[in-house]
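This is what each chain is made of:
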Amino acid sequence: MMLTDLTIAQAAEGLRKRDFTAAELTNAHVKAIDALNGRLNAYITVTADQAKEAAAQADKTLSAGDAPTLTGIPLGIKDLFCTKGVRTTAASRILGDFTPTYESTVTANLLANGAVFVGKTNLDEFAMGSTNLTSAFGVVENPWRRNGDDTPLVPGGSSGGSAAAVAAHLAMGATGTDTGGSIRQPAAYCGIVGLKPTYGRCSRWGTIAFASSLDQAGPMTRTVEDAAIMLAAMAGHDAKDSTSANIAVPDYRAACGRSLKGLRIGVPAEYRAPGMSAELQAVWDRGVAMLREAGCEIVDVSLPHTKYGLATYYIIAPAEASSNLARYDGVRFGDRREGASLNELYERTRHDGFGEEVRRRVLVGTYVLSAGYYDAYYLRAQKIRTLIQRDFTQAFESVDVLLTPTAPTAAFGHNEKPEDPVQMYLNDVFTVPASMAGQPALSVPVSLDSTGLPLGLQLIGRHFDEETLIAVGSALEKAADFTARPTFRAGAAA
Amino acid sequence: MSLDLATTRRIAKLARIGLDDQEIETVRAQMGGILGWIEILNEVDVEGVPPMVGTSQTTALPQRQDAVTDGDRQNDVLANAPDREGPFFTVPKVVE
């Protein structure tokens, strides 16, 4: 077995048994990145030298004994997390050569846990998108191909670079961020595990903001156990983020393999959207059967405001984005376009610096917050958000976890993207409601469709009950036995 | 819903995003489509429903001590400035 084929759990054990060194493990990943990143474009910046230094340090820590869990584990970091001394782009031109002078809390936590960062992964510009087609640093290729078809496919988004890197074994795990599905949907498209924790579980400090009431960091890995290991290292209270929860971080890994006897799994009627493919419906039904077999009771539930989730999201998220992105003004950091007046400087900088989708969202957000429209759009959306959250609160009175598909389709081709932005937004239809309500949610790869592409199922849990999600997710993973691997991965093709 | 050009221009101005005439027209059409789709929300009865203003599950956000905890980072703050003069950010002349 190649070192790049190991899971985080296996590699952590191998390092401690001295089967291989952290230097060897990191070198294997750097070599794989060298061979495949030119094609996949999963990384915007590769930090091979820093990774090698960190790996050497990890070997010393491992020799001394009592090394933290992630010591020597090579990870990819979504290029939305500020990393001290390493250029951070948010996949936007407007940040230019922005090099943070500080480290985000989540990445600082991972470094303190011994992790080795191999690079900064590609994303949709400012995490706005579901395809990775909006990156100013080029599109990412999904490492999967349809059977007998060489059409390049999108990895999903916005954490598409992270998903592609993990799926292609160019990292053992990666950080993602999820605002309306940006961890779960790319995880499903790339056949990996993606966990969006409860809002407040991971600190947002030092993560470039998109929509602050929704943004949440989480792990993307090849197994549920690895997601549990990574989340434990990422999570925790942080005084620098006032919305970070002061709640103890449990031993997530211990939840893997826990008995599901007596757990109640809700199947929400409203997610049986008209037009759902028979294939996706069949995968969902199989997931239900697997959990029933594992000892769960299956309960039909209703989340009546589901159909309003997306439209509500496309008011709230752009509104918050228009406010958060006001800081990119060409004065304090990033790229600048000169102008005769201050306004001209702002207008030129923001026109040239932001891509089309980001501009569109900033403009929609500005509109829904502007005088005369605020009550009709923004205030109404906030009220409907309350109703969406109540749906979940009521459902969780009778069930422990909800099971739904993660995304309406499998990955599609770079050239098959809908031209209409509204059609594009429908990708997030199953992931957005949980984001709106702040619930934790986990995507697990379950099977391949008839064209050979992965499909995932989503588990949604109670606030701060990631443990039950992990327990149910690991049972689903075991029953599904998803062992397929993509066409492009370390050692398989270059 | 359809959005008129004057409103689109005003929004672009408020957002400080410079758009030429053709871009304004494209944005007008696309924003009109998005806002039309959002009108589905008008069918929801929100009478008496309080707005959800935060996602945090703890009702009261903590207040920190009103004290200086950081500082003396002039070079860090200015490190990424596109243009600086000594300890200052620069902008075009605002007052004649």
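Just so we're clear, the structure is a prediction, and the values are computed from it rather than from any experiment.

Caption draft 1: Layout of the overall build of chain A. Regarding its fold elements, chain A presents 15 helices and 11 strands. For a compact globule of 494 residues, the expected C-alpha radius of gyration is about 23 Å, and chain A comes in at 21 Å, within 12% of that figure. Judged by the C-alpha coordinates and their principal axes, chain A covers about 65 × 55 × 50 Å. Sorting the 494 residues of chain A into buried and exposed places 61% on the buried side.

Caption draft 2: Region of interest: the UniProt feature "active site" (unreviewed entry) in chain A. All names here are of chain A. Within the UniProt annotation, "active site" (unreviewed entry) is assigned to Lys78, Ser158 and Ser182. Taken together, the annotated residues stretch across 105 residues yet fold into one region, lying no more than 11.2 Å apart by C-alpha. When you line up the elements, Lys78 lands in strand β2 (residues 74-78). Those residues in contact with Lys78 that sit more than four places away from it in its chain are Thr121, Leu123, Ser159, Ser162, Ala174, Thr175, Gly176 and Thr177. Counting through the fold element by element, Ser158 comes out in the loop between β3 (116-121) and α5 (160-167). Excluding its chain neighbours within four sequence positions, the residues that come into contact with Ser158 are Leu123, Asp124, Ala127, Met128, Gly129 and Ser182.

Caption draft 3: Spotlight on the interface of chain B and chain A. If you look at the interface, chain B gives 42 residues, while chain A gives 59 residues. Of all the secondary-structure elements, those providing two or more residues to the side of chain B that touches chain A are α1 (5-14) and α2 (21-38) of chain B. Sort the elements by how many residues they give to the side of chain B that touches chain A and α2(B) lands first, with 7 residues. Grouping the constituent residues of the side of chain B that touches chain A by class yields 29 nonpolar, 9 polar and 4 charged.

Caption draft 4: The arrangement of the pairing of strand β9 (residues 401-405) of chain A in detail. Residue and element names in this part refer to chain A. Counting buried positions along β9 yields 5 of 5 residues, so the element is predominantly enclosed. Here β9 shows no split at all, with Val401, Leu403 and Pro405 on one side and Leu402 and Thr404 on the other all buried. Inspection of the sheet shows strand β7 (residues 264-268) paired to β9 by 2 bridges, in the parallel sense. Paired with Gly266 across the strands is Leu402, a residue of β9. Where β9 meets strand β11 (residues 454-461), 5 bridges bridge the pair, whose relative direction is antiparallel. Within β11, the position partnered with Val401 by the bridge is Gly461.

Caption draft 5: Just the packing of α1(B) against α2(B), in detail. Residues and elements named next belong to chain B. Following both chains from N to C, one finds α1 and α2 inclined at 100°, their axes separated by 10 Å at the closest point. Our classification of the angle between α1 and α2 gives roughly perpendicular. Of the residues in α2, those in contact with Leu5, Thr8, Arg9 and Ala12 of α1 are Ile24, Val27, Arg28 and Met31. Classifying every residue of the contact of α1 with α2 by side-chain character gives 5 nonpolar, 1 polar and 2 charged.

Caption draft 6: Looking closely at the pairing of β7(A). Residue and element names in this part refer to chain A. The pairing of β7 with strand β8 (residues 297-301) spans 5 bridges and is parallel. Of the residues in β8, the one forming a bridge with Ile265 is Ile298. Remark: the β7/helix α8 (residues 278-293)/β8 crossover connection has right-handed handedness.

Caption draft 7: Seen up close, α1(B). Residues of α1(B) that are buried include every one of B:Thr8, B:Ile11 and B:Ala12, and no others. One side of α1(B) carries all its buried residues, which in axial view fall inside an arc of 100°. Here the buried face of α1(B) lies against α11 (356-369) of chain A together with α2 of chain B. Once α1(B) ends, the next one or two residues include B:Arg16, with phi positive near 55°.

Caption draft 8: Layout of unusual backbone geometry. All names here are of chain A. Geometrically, the link from Gly157 to Ser158 is a cis peptide bond, its omega value of 10° lying close to zero. You will see that Phe464, though not glycine, has its phi angle at about 60°, which is positive. Along the chain, the position of Phe464 falls in the loop between β11 and α15 (466-480).

Caption draft 9: Layout of the sheet that holds strand β6 (residues 216-221) of chain A. Residue and element names in this part refer to chain A. Ordered in space as β1-β3-β2-β4-β6-β5-β10-β11-β9-β7-β8, the 11 strands form an open sheet in which the pairing is mixed. Sheet topology places β1 (43-46) and β8 at the edges, where each strand pairs with a single neighbour. Direction aside, the axes of adjacent strands within the sheet are offset by 30° on average. The pairing of strand β10 (residues 441-448) with β11 spans 7 bridges and is classified as antiparallel. The residue of β11 that forms the bridge with Leu442 is Leu459. α5 contacts β1, β2, β3, β4 (173-178) and β6 of the sheet and is inclined by roughly 155° relative to β4.

Caption draft 10: Spatial organisation of the packing of helix α9 (residues 309-324) of chain A against α11(A). Residues and elements named next belong to chain A. Orientation of α9 relative to α11, taken along the N-to-C sense of each, is 100°, at an axis distance of 7 Å. Judged by the angle between their axes, α9 and α11 are roughly perpendicular. Each of Ile315, Pro318, Ala319, Ala321 and Ser322 in α9 lies in contact with α11, whose residues at this interface are Arg361, Val362, Val364, Gly365, Thr366, Val368 and Leu369. Classifying every residue of the contact of α9 with α11 gives 8 nonpolar, 3 polar and 1 charged.

Caption draft 11: View of the environment of A:Phe430. Residues and elements named next belong to chain A. Looking at the secondary structure, you find Phe430 in the loop between α13 (421-425) and α14 (432-437). Considered as a pair, Phe430 and Gln185 are 245 residues apart in the sequence and their alpha carbons are 9.2 Å apart. Apart from the residues lying within four places of it in its own chain, the contact partners of Phe430 are Tyr271, Thr404, Pro405, Thr406, Ala407, Pro408 and Gln458.

Caption draft 12: Highlighting the environment of A:Val399. Residues and elements named next belong to chain A. By secondary structure assignment, the location of Val399 is in the loop between α12 (375-398) and β9. Of the residues examined, Val399 has 23 C-beta atoms within 10 Å and is grouped as buried. Along the backbone, Val399 and Val301 are 98 residues apart, and their C-alpha atoms lie at a distance of 8.4 Å. Ignoring sequence-local partners within four residues, the contact set of Val399 consists of Arg264, Ile265, Gly266, Val299 and Val301.

Caption draft 13: Summary view of the UniProt feature "domain: Amidase" (unreviewed entry) in chain A. In the numbering used here, UniProt assigns the "domain: Amidase" (unreviewed entry) feature to residues 24-469 of chain A. Annotated as 37% helix and 14% strand, the span residues 24-469 of chain A places its first and last C-alpha atoms 34 Å apart.

Caption draft 14: The arrangement of the environment of A:Ala211 in detail. Residues and elements named next belong to chain A. By secondary structure assignment, the location of Ala211 is in the loop between β5 (193-196) and β6. Sequence separation between Ala211 and Val283 is 72 residues, and the spatial gap between their C-alpha atoms is 32 Å. Ignoring sequence-local partners within four residues, the contact set of Ala211 consists of Thr179, Ile316, Ala317, Glu320 and Ala321.

So, how was this worked out
Residues numbered from 1 in each chain as written. Chains lettered and ligands numbered in written order. Predicted model: local features only at pLDDT ≥ 70, side-chain atom pairs only at ≥ 80, totals over all residues. Helix = DSSP H or I, 4+ residues; strand = E, 2+ residues; numbered from the N terminus. Rg over C-alpha atoms; globule rule 2.2 N^0.38 Å. Buried ≥ 20, exposed ≤ 12 C-beta atoms within 10 Å, placed from the backbone. UniProt positions renumbered as here; feature names shortened; annotations may be inferred. Contact = placed C-beta atoms within 7 Å. Nonpolar A, V, L, I, M, F, W, Y, C, P; charged D, E, K, R; others polar. Pairing = 2+ DSSP bridges. Axes fitted to C-alpha atoms, helices over the stretch in contact; angles between N-to-C directions. Parallel < 35°, antiparallel > 145°, perpendicular 65-115°, else oblique. Right-handed = clockwise from strand over helix to strand, strands pointing away. Arc of directions from axis to C-beta.

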